[in-house]
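Given next are the chains, with one letter for each unit.
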Amino acid sequence: MRKFNPNKNIIILLIVVIIVVATVSITAANRAKDSGTNFVQSAINDTVSAVDKVITAPGRWLTGGVQSVSNLVNTYQENEQLKNEVDQYDEVKQQTKNQAQEIEHLKAELELNQTLTSYQKVTANVITRSPDTWQDMLIVDKGSSDGVEGNMAVMSQKGLIGRVMEVNAHSSKIQLLTSDNKNSNHFPVKISSNKGNSFGVLNNYNVKEQQLIASEITGDQDIKEGDVVQTSGLGGNSPADLPIGTVVKVKPDSYGLNREVYIKPYAQMYDISVVTIVQRMAGATE
């Protein structure tokens, strides 16, 4: 049996280390002289590159997917925010439009009040107008505690719209001129023409043409388009000279015995938010 010689093995290991170091040194020197890569090195580099791509590909895909999902979530949130802003803009736009209309109504009512300086009057807001009775009546927020009484004339914008038919302490019901209620008290009217005044009774409304109709016309004065129609004050239920509208046309009634006068009202009958109730002539006593 041969004896183990440790000195010999150490010598062999040293020789191997020297050979490896020499090989590495020669290889490094050759690479310094020549920038090219030999076949072995090229193969090793390609193998390492391929392995790196395979290993890192799932990581890159996962990172890209997470980024895409994040971008999608951000886009959705931005779209929701923009939709909310658009909805808010539409709401503000409608509010602005409503406020502009209200301002126009108040301006018209102010102008009307300035023309009624010889009357005692009270301004009221419309608080109820049912779709079922839109053409017949509305309710305002002033009543007997404000001096409102039954049969008082009611105006809006630039002309007459009806009369008070029912009074409570803090509200009143207004019968409109557009109502087809034949039992309501109708307004005596005066039609002013170049040759004098004619008188009649306001007692009907043409829904299709949106025109008031006066009948029972007295006198034989020639009534023409554009003649002014006002309250006459006859009968004592309403003051005289309240503006109603202008004549559109005149034609015989259904019996051919009298004339019917079609009147375009000064007031816009379907969009009423503020009214003026004419109580009495200024200075008049109860």
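Let us look at the structure shown here. (Residues numbered from 1 in each chain as written. Predicted model: local features only at pLDDT ≥ 70, side-chain atom pairs only at ≥ 80, totals over all residues. Heavy atoms only, no water.)

1. Points about the overall build of the chain
Tallying secondary structure elements over the chain gives two helices and 12 strands in all. Relative to its full complement of 286 residues, the chain shows a buried share of 28%. Once local pairs closer than 6 in sequence are excluded, the contacts in the chain between residues at least 24 apart make up 59%. As displayed, the chain offers around 18600 Å² of accessible surface, 55% of which is attributable to carbon and sulfur atoms. (Helix = DSSP H or I, 4+ residues; strand = E, 2+ residues; numbered from the N terminus. Buried < 20%, exposed > 50% of the residue type's maximum accessible area, 1.4 Å probe, protein only. Contact = heavy atoms within 4.5 Å. Areas by Shrake-Rupley, 256 points an atom, 1.4 Å probe, with all protein chains shown as cover.)

2. Examining the sheet that holds strand β8 (residues 211-215)
An order of β6-β7-β8-β11-β10-β9 is seen for the six strands of this closed barrel, with the pairing classed as antiparallel. Neighbour-to-neighbour, the strand axes of this sheet turn through a mean angle of 45°, independent of strand direction. Bridge analysis of strand β7 (residues 196-206) against β8 gives five bridges, and the strand direction is antiparallel. Pairing of Y205 across the sheet is with L212, part of β8. (Pairing = 2+ DSSP bridges. Axes fitted to C-alpha atoms, helices over the stretch in contact; angles between N-to-C directions.)

3. So, the pairing of β8
Put simply, side chains in a regular strand alternate between the two faces of the sheet. Counting buried positions along β8 gives five out of five residues, so the element sits mostly inside the fold. Side chains Q211, I213 and S215 project from β8 onto one buried face, and the interleaved L212 and A214 project onto a second face that is buried too. From the end of β7 to the start of β8, which pair antiparallel, there are four residues, and Q210 there has a positive phi angle of about 55°. Relative to strand β11 (residues 259-265), β8 is paired through three bridges, and the arrangement is antiparallel. From the neighbouring strand, L212 faces β11, where its bridge partner is I263.

4. Here's the deal with the pattern of salt bridges
In the structure shown here, the tally under the stated rule is two salt bridges. Between E166 and K173 there is a salt bridge whose closest N-O contact spans 3.7 Å. Residue classification places E166 among the partly exposed residues on the basis of a relative accessible area of 36%. For K173, a relative accessible area of 22% puts it in the partly exposed group. Among the salt bridges present, the one from K190 reaches D241, with a minimum N-O distance of 2.7 Å. With K190 in strand β6 (residues 187-193) and D241 in the loop between β9 (228-231) and β10 (243-252), this pair connects stretches of sequence that are 51 residues apart. (Salt bridge = Lys/Arg side-chain N within 4 Å of Asp/Glu carboxyl O.)

5. Here's the deal with the nonpolar core
Counting residues in each nonpolar core, the largest one holds 37 residues, and the members touching the most others are L160, I161, L202, L212, V261, V275 and I277. In this structure, L202 is in contact with L177, H186, F187, V189, L212, I213, A214, I244 and I263, ignoring residues within four places of it in sequence. (Core = buried A, V, L, I, M, F, W, Y, C linked by side-chain atoms within 4.5 Å.)

6. A closer look at unusual backbone geometry
Negative phi characterises most residues that are not glycine, and trans characterises most peptide bonds. Positioned with a positive phi, N151 is a non-glycine residue whose angle comes to about 75°. By the element assignment, N151 lies in the loop between β2 (137-140) and β3 (153-156). What makes N151 partly exposed here is its relative accessible area of 26%. Of note in the backbone geometry, D241 takes a positive phi value of approximately 70° without being a glycine. Residue classification places D241 among the partly exposed residues on the basis of a relative accessible area of 38%.

7. Observations concerning the packing of aromatic side chains
This structure, assessed with the given rule, holds zero aromatic pairs. Across the ring face of F187, the terminal group of R163 is positioned such that the distance to the ring centre comes to 3.9 Å. Over the aromatic face of Y262 sits the side chain of K249, whose NZ or CZ is 4.8 Å from the ring centroid. (Phe/Tyr/Trp six-rings, centres within 6.5 Å; stacked < 30°, edge-to-face > 60°. Lys NZ or Arg CZ within 6 Å of the ring centre and 35° of its normal.)

8. A look at the environment of V201
Tracing the backbone through its elements, the reader meets V201 in strand β7. Residues V201 and P188, spaced 13 residues apart in sequence, show a C-alpha to C-alpha distance of 4.5 Å. Setting aside chain neighbours within four positions, we find V201 in contact with H186, F187, P188, V189, I213, A214, S215 and E216.

9. A closer look at the pairing of β2
By the bridge criterion, two bridges tie strand β1 (residues 119-128) to β2 in an arrangement that is antiparallel. In the strand pairing of β2, V126 is matched with V140. Pairing of β2 with strand β5 (residues 172-176), which is carried by four bridges, proceeds in the antiparallel orientation. By the bridge assignment for β5, V140 is matched with S172.

10. Regarding the side chain of Q157
Assignment of secondary structure puts Q157 in the loop between β3 and β4 (159-167). A relative accessible area of 12% places Q157 in the buried class. A distance of 2.9 Å separates the side chain of Q157 from the backbone nitrogen of Q268, its partner in a polar contact. Reaching out from Q157, the side chain makes a polar contact with the backbone oxygen of D271 at a distance of 3.2 Å. (Polar contact = N/O pair within 3.5 Å; in protein donor to acceptor, adjacent residues only side chain to side chain.)

Shape descriptors only; they carry no functional weight alone.
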